[in-house]
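Listed below, chain by chain, are the residues.
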Amino acid sequence: MPNSASGAPSSLSLLGSELKTLFRRRRTAAMLVALAAIPVLIAAAVRLSSSVPAGRGPAFLDRISQNGLFVAVTAMLVSVPLFLPLTIGVVAGDTIAGEASLGTLRYLLVAPAGRVRLLLVKYAGALAFCIAAPVTVALAGAAIGASLFPVGPVTLLSGDVVQPPEAALRLVLIAAYLAVSLAGLAAIGLFLSTLTVVPVGAMAATVVLSVVSQVLDQLPQLEWLHPWLFTHYWFGFADVLRQPVLWDSFASNAMLQAGYIAVFGALAYGRFVTKDVLS
Amino acid sequence: MIRAWLRWVPAAAVPAVIAAGVLVGSIPARAGDPLPQKSPAEVLTLLGQHNTRSFSGTVEQSAEMGLPELPAAGPSSGPVSAGGAASVLEFLTGEHTARIFMDGPTKMRVQVMDRLAERDVIRRDNDVWFYNSKDNSAAHLALPAFASDLPMSVPEPPALPGPPAPPGDLPGRDLPLPILPGPPVLPTPEDLAREFLAVVDSSTEVTVGPDIEIAGRAAYSLELAPKTQGTLVEKIAIAVDGETGMPLRVSVMARGQAKPALQAGFTSLSLAAPEDSVFSFVAPPGATIKELQVPPIPLRPGLPPLPAVPGGITPGVVPDSAPDKIPGSEASLHHRGALRPTVTGKGWETVVGFPAAPDGQAAALTGSLLKDPLLSQAAVVVPGGRLLSTALVNVLLTDDGRIFVGMVPAGRLQAAAGAV
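Residues numbered from 1 in each chain as written. Chains lettered and ligands numbered in written order. Predicted model: local features only at pLDDT ≥ 70, side-chain atom pairs only at ≥ 80, totals over all residues. Heavy atoms only, no water.

1. Some remarks on the overall build of chain A
Thought 1: Along the backbone of chain A there are nine helices and two strands.
Thought 2: What you see in chain A, going N to C, is helices and strands ordered as α-α-α-α-α-α-β-β-α-α-α.
Thought 3: Each of the 279 residues in chain A was classed as buried or not, and the buried ones make up 53%.
Thought 4: Summing over all exposed atoms, chain A offers an accessible surface of approximately 11600 Å²; the carbon and sulfur share of this is 71%. (Helix = DSSP H or I, 4+ residues; strand = E, 2+ residues; numbered from the N terminus. Buried < 20%, exposed > 50% of the residue type's maximum accessible area, 1.4 Å probe, protein only. Areas by Shrake-Rupley, 256 points an atom, 1.4 Å probe, with all protein chains shown as cover.)

2. Notes on the pairing of strand E11 (residues 262–270) of chain B
Residues and elements named next belong to chain B.
Thought 1: By the bridge criterion, eight bridges tie strand E1 (residues 54–64) to E11 in an arrangement that is antiparallel. Following the sheet pairing, glutamate 60 is matched in E11 by glycine 265.
Thought 2: Examined bridge by bridge, strand E10 (residues 247–254) and E11 share four bridges and lie antiparallel to one another. The residue bridging valine 250 from the neighbouring strand is alanine 264, located in E11. (Pairing = 2+ DSSP bridges.)

3. Quick notes on the nonpolar core
Thought 1: Grouped together as the largest cluster of nonpolar side chains are 80 residues, with contacts concentrated most on Phe60 and Phe237 of chain A.
Thought 2: Among the secondary structure elements, those contributing two or more residues to this core are helix H2 (26–48), helix H3 (69–79), helix H4 (83–102), helix H5 (105–110), helix H6 (115–148), helix H7 (164–195), helix H8 (199–218) and helix H9 (248–274) of chain A.
Thought 3: No other element matches H7 of chain A, which puts 16 residues into this core.
Thought 4: Once residues lying within four places of it in the same chain are set aside, the contact partners of phenylalanine 237 of chain A are Leu77, Val80, Ile174, Tyr177 and Leu178 of chain A together with Leu116 of chain B.
Thought 5: Counting 36 residues, the second-largest nonpolar core is a separate cluster that includes Leu224, Val250, Ala391 and Val393 of chain B. (Core = buried A, V, L, I, M, F, W, Y, C linked by side-chain atoms within 4.5 Å. Contact = heavy atoms within 4.5 Å.)

4. Looking at the pairing of strand E3 (residues 107–114) of chain B
Residue and element names in this part refer to chain B.
Thought 1: Of all eight residues making up E3, eight are buried, and the element is well covered by its neighbours.
Thought 2: Burial along E3 is two-sided: Lys107, Arg109, Gln111 and Met113 facing one way and Met108, Val110, Val112 and Asp114 facing the other are all buried.
Thought 3: Examined bridge by bridge, strand E2 (residues 93–103) and E3 share seven bridges and lie antiparallel to one another. The residue of E3 that forms the bridge with alanine 98 is valine 112.
Thought 4: Between the antiparallel neighbours E2 and E3 lie three residues, among them glycine 104 with a positive phi of about 70°.
Thought 5: Remark: two residues form the turn of the hairpin made by E3 and strand E4 (residues 117–124), two consecutive strands paired antiparallel; leucine 116 in that turn has positive phi of roughly 60°.

5. Examining the side chain of serine 79 of chain A
Residues and elements named next belong to chain A.
Thought 1: Examined against the element boundaries, serine 79 turns out to sit in helix H3.
Thought 2: Among the residues examined, serine 79 registers a relative accessible area of 0% and is labelled buried.
Thought 3: There is a polar contact of 3.2 Å between the side chain of serine 79 and the backbone oxygen of methionine 76.
Thought 4: Once you skip the residues sitting within four places of it in the chain, serine 79 turns out to touch Ile38, Leu84, Pro85 and Val137. (Polar contact = N/O pair within 3.5 Å; in protein donor to acceptor, adjacent residues only side chain to side chain.)

6. Overview of the interface of chain A and chain B
Thought 1: Counting residues at the interface gives 39 residues for chain A, matched by 37 residues for chain B.
Thought 2: Between chain A and chain B, roughly 2900 Å² of surface is buried when both sides are summed, and carbon and sulfur atoms account for 59% of that area.
Thought 3: The largest per-residue losses of area from chain A upon contact with chain B belong to Leu157, Gln218 and Arg242 of chain A, which jointly make up 16% of the total buried on that side.
Thought 4: Applying the counting rule to chain A against chain B returns two salt bridges.
Thought 5: Notably, a salt bridge pairs arginine 109 of chain B with aspartate 160 of chain A, separated by 2.8 Å at the nearest N-O pair.
Thought 6: On the surface where chain A and chain B come into contact, there are 10 residue pairs in polar contact (both at pLDDT 80 or more).
Thought 7: When residues in the side of chain A that touches chain B are grouped by element, the largest group, 10 residues, is from H9 of chain A.
Thought 8: A breakdown of the residues in the side of chain A that touches chain B according to their chemical character gives 22 nonpolar, 11 polar and six charged. (Buried area = accessible area lost by both parts, 1.4 Å probe. Salt bridge = Lys/Arg side-chain N within 4 Å of Asp/Glu carboxyl O. Nonpolar A, V, L, I, M, F, W, Y, C, P; charged D, E, K, R; others polar.)

7. Observations regarding the sheet that holds strand E9 (residues 233–241) of chain B
All names here are of chain B.
Thought 1: The 12 strands are arranged E7-E8-E9-E10-E11-E1-E2-E3-E4-E5-E6-E12 in an open sheet whose pairing can be described as mixed. Of all strands in the sheet, those bounded by a partner on one side alone are strand E7 (204–214) and strand E12 (288–291). Adjacent strand axes in the sheet meet at a mean angle of 15° when their direction is disregarded.
Thought 2: The strands touched by helix H3 (residues 40–49) within the sheet are E7, strand E8 (217–226), E9 and E10, with E8 carrying the most contacts at an inclination of about 115°. (Axes fitted to C-alpha atoms, helices over the stretch in contact; angles between N-to-C directions.)

8. Let's talk about unusual backbone geometry
Thought 1: Omega for the bond connecting glutamine 243 of chain A with proline 244 of chain A falls within 30 degrees of zero, at -10°, which places this linkage in the cis form.
Thought 2: Within the secondary structure, proline 244 of chain A is located in the loop between H8 and H9.
Thought 3: One non-glycine residue with positive phi stands out, namely leucine 116 of chain B, at about 60°.
Thought 4: For leucine 116 of chain B, a relative accessible area of 5% gives the class buried.
Thought 5: Located in the positive-phi region is alanine 215 of chain B, a residue other than glycine, with phi close to 50°.
Thought 6: When you line up the elements, alanine 215 of chain B lands in the loop between E7 and E8.
Thought 7: A relative accessible area of 23% means that alanine 215 of chain B is categorised as partly exposed.

9. Details of the pattern of salt bridges
Thought 1: Evaluated as defined, the whole model comprises 20 salt bridges over all chains.
Thought 2: Among the salt bridges present, the one from lysine 122 of chain A reaches glutamate 99 of chain A, with a minimum N-O distance of 2.6 Å. With a gap of 23 residues between them, lysine 122 of chain A in helix H6 and glutamate 99 of chain A in helix H4 connect regions that are remote in the sequence.
Thought 3: Judged by its relative accessible area of 17%, glutamate 99 of chain A is buried.
Thought 4: Overlapping salt bridges, with partners in common, bring together Asp103, Lys107, Arg124 and Asp276 of chain B in one network.

So, in structure tokens, the structure goes:
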């Protein structure tokens with residue numbers, strides 16, 4: 001394998017340069033800013049309007065004026081169905097197809113890096129973004145919430161009250177839950193990205209798949225299919241807000257996403273190592 | 001090219017491995033030690049003797065009653081908006097999960113887990129709290145002293161406090177609805193088992209099926225089958241824990257339906273006493289708090305109802321004008337004292353008939369029943385009235401305002417309606 005050949009860049013440096021390229025891109029920065037804008041918009045809207053009646057709008061919206069930390073929860077809730085998958089789709093769909101369309105894929109493979117390693121590094125980069133995206137929403141939400149609203153003990157779904165440090169921990173857990181939730185989608189995007197040299201195609205297909213999966217999840221007639229849909233547990237992050245914490249959905253979600261990573265990782269491997277790289 | 005072909009092997013192997021894993025996982029695990037053979041009577045005794053009062057576990061309840069199913073909509077919508085009746089009906093469609101914590105007869109917590117929300121019932125000695133996270137509302141009920149040692153007999157309002165519904169629109173609120181005996185809080189296997197054991201008599205055949213495993217515990221499968229063909233119920237299966245005798249799962253099978261019409265069972269269970277803090281509840285800041293009135297307990301018919309305690313109201317929050325009456329309690333029953341239900345048939349074939357109420361109440365009642373979107377969709381016009389048909393229970397609303405209920409085919413209800 002080329003991995004062992006002398007002069008091959010180490011995997012770490014390859015990953016380092018991939019992360020650097022990814023997070024230095026203006027597009028990545030713009031997407032993170034857009035994600036951070038969601039909690040800011042929510043907080044501003046709640047601040048400027050009269051009090052929200054309970055039970056209207058997205059869950060937790062009525063709690064914001066009492067406790068700023070709920071801005072982060074609401075923002076994460078709002079961004080789960082579309083905004084987060086959208087940004088993941090862009091990053092994951094771009095992984096291989098982006099290099100191919102720029103004509104740089106050839107050079108990456110000429111350097112004796114190995115296709116498998118390149119695939120792994122690309123996926124690791126997408127995973128890093130899967131972590132960064134929900135963390136950005138959570139951080140921006142907590143920051144804007146704390147600056148516009150009082151921060152105090154947080155009422156969980158069970159009616160129990162926890163202190164702000166514990167509540168911050170729960171926020172981190174939610175962000176971790178969402179990062180895990182998006183890992184499967186990133187693997188799908190990686191595979192789609194190996195199929196084409198048009199990055200926009202892979203991005204759009206990834207986002208469309210996430211929407212289709214969510215629609216299928218709503219149809220009671222397809223109940224047998226629901227546990228297999230990669231979006232099925234996306235809203236399960238609320239279980240982190242119960243007292244005591246319910247870990248079942250976290251575990252099921254992790255299992256499911258691991259399955260998707262295995263299946264689409266293997267598909268991407270099959271496709272990428274047999275692919276004729278012409279550009 | 002063979003090499004290229006080899007590269008696709010993982011892509012084929014991974015799904016195959018996952019499929020194999022799922023298949024192996026779906027084979028019911030055999031219990032390590034088979035349970036000792038027991039006769040139906042012995043299993044019944046085991047069930048009757050069980051004394052498990054400290055446990056925590058997760059219960060899954062599912063219903064396949066043939067009622068129209070409402071698609072799970074966005075996170076903010078939910079049955080809470082439909083008021084009390086919907087909460088009762090809610091457990092007759094779809095699936096629900098709840099966590100149950102119990103420690104001794106007087107400490108209990110039930111958490112019904114909704115999507116992005118939760119409804120809690122917490123009891124510690126004489127204090128019972130209801131909490132609904134959807135609108136951050138809590139209700140408190142102080143049990144009278146003599147009830148403090150009553151196990152599990154928490155009087156339950158039909159709905160956890162939700163937004164006040166328009167008056168006159170709530171069939172479940174002040175009507176003794178025998179059709180829907182389901183408590184608003186998820187029925188536990190315990191509740192269901194007690195319900196059905198009450199009807200075990202000569203009309204029922206009791207057998208013990210092959211052992212099953214529920215929530216990782218070996219259990220006897222006690223099967224109650226009506227001897228008659230004239231009922232919608234085919235079989236009731238109760239999984240009785242081989243060690244403690246605790247009912248772990250109850251399934252009600254309807255005739256001509258493969259899936260259980262009603263099932264509630266543990267998916268996980270721990271017999272260790274839960275942490276004491278689980279039973280502590282203080283209404284969270286900002287919550288709307290309602291004080292519920294204690295209904296007179298049937299054990300002491302002469303006792304007057306306790307006055308409501310107007311305590312615990314958060315400043316700045318508008319309290320509800322009057323304390324809620326627990327519906328279905330004697331007050332509303334006596335209100336319609338003239339209405340004596342008639343009973344025809346016996347055992348599984350019992351048909352209960354409610355005569356028409358005077359002064360047009362019946363029409364209003366039927367109208368309000370049919371106003372419920374779920375019910376009106378389910379009711380079909382049959383000769384002599386309208387029929388609400390479910391897998392287990394049929395309800396006939398006759399044109400002259402009488403109501404007939406029974407776990408029998410619709411024809412029998414019509415016959416009963418014609419005979420009176």
